[in-house]
Amino acid sequence: MNFGYINEIANSMRLHGVSQEIQLIKLTEEVGEAAEAFIGQLGLNPRKGFSHSKEDFIMELADVVVTAMVGIEMAGADPETIIDKKLDYIKARYMKVGR
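As the structure is a computational prediction, the values presented were derived from the model and not from experiment. Residues take numbers from 1 onward in each chain, read along the sequence in its written order. Only residues with pLDDT of at least 70 get local features here, since the model is predicted, and only at 80 or more are side-chain atom pairs given and counted; chain-wide, interface and lining totals rely on the full set of residues. Only hydrogens and water are set aside when side-chain values are computed; all heavy atoms of the structure are taken into account.

> Lay out the nonpolar core in plain terms, naming residues and giving numbers.
Counting residues in each nonpolar core, the largest one holds eight residues, listed as Phe 3, Ile 6, Ala 10, Met 13, Val 18, Met 69, Val 70 and Met 74. The dominant element in this core, judged by the number of residues it contributes, is helix 1 (residues 3–15), at four residues. Excluding its chain neighbours within four sequence positions, the residues that come into contact with Met 13 are Val 18, Gln 23, Lys 26, Val 70 and Met 74. In this text, buried Ala, Val, Leu, Ile, Met, Phe, Trp, Tyr and Cys residues form a nonpolar core when linked through side-chain atoms within 4.5 Å. Note on classification: 1.4 Å probe, protein chains only; a residue is buried when its accessible area is under 20% of the maximum for its type, exposed when over 50%, partly exposed between these limits. Numbering of helices and strands runs from the N terminus; a helix is a DSSP stretch of H or I covering at least four residues, while a strand is a stretch of E covering at least two. Residue contacts are defined here by distance: any two heavy atoms, one from each residue, within 4.5 Å place the two residues in contact.

Quick look at the structure:
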C-alpha cells in the first residue's frame with residue numbers, strides 16, 4: 001500500500017477546505033454506503049432487490065478504510081504508524097483470548 005497517496009489526498013482535501021470534522025462526516029457516509037452495498041448484495045431491501053455485487057461491497061469497505069486513513073492524516077498522525085500500532089494491539093488482544 002502506498003501511504004504517500006493518503007498524504008496527497010489529505011493535502012488536497014485541506015486545499016479544498018475540507019476540515020477534520022467534515023472528514024469524520026465523510027467517514028460515516030462511507031460506512032453507510034458499505035452497509036447499503038451489503039444489504040444490496042443480499043437482496044435484503046424488498047424495494048431494491050439485489051442491487052449490489054460482492055465486489056461493490058468490498059470496494060465500499062475499501063472506501064471506508066481509505067477515508068479513515070485520510071482522517072488519521074488530517075488529525076496530524078502518520079496513518080501507517082497508527083495502523084501498525086492498532087494491528088499490534090488487536091493481535092495481542094486476540095492472542096490473549098486464544099489462550
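> So what's going on with the environment of Val 64? Which residues, and what values?
Considering the arrangement of structural elements, one finds Val 64 in helix 3 (residues 54–74). Accessibility expressed as a relative area gives 17% for Val 64, which makes it buried. Setting aside chain neighbours within four positions, we find Val 64 in contact with Leu 27, Glu 30, Val 31 and Ala 34.

> Give a description of the environment of Asn 11 that names residues and reports values.
Mapped onto the elements of the fold, Asn 11 is located in helix 1. The class for Asn 11 is partly exposed, based on a relative accessible area of 33%. Remark: the alpha-carbon pair of Asn 11 and Lys 85, spanning 74 residues in sequence, is separated by 23 Å.

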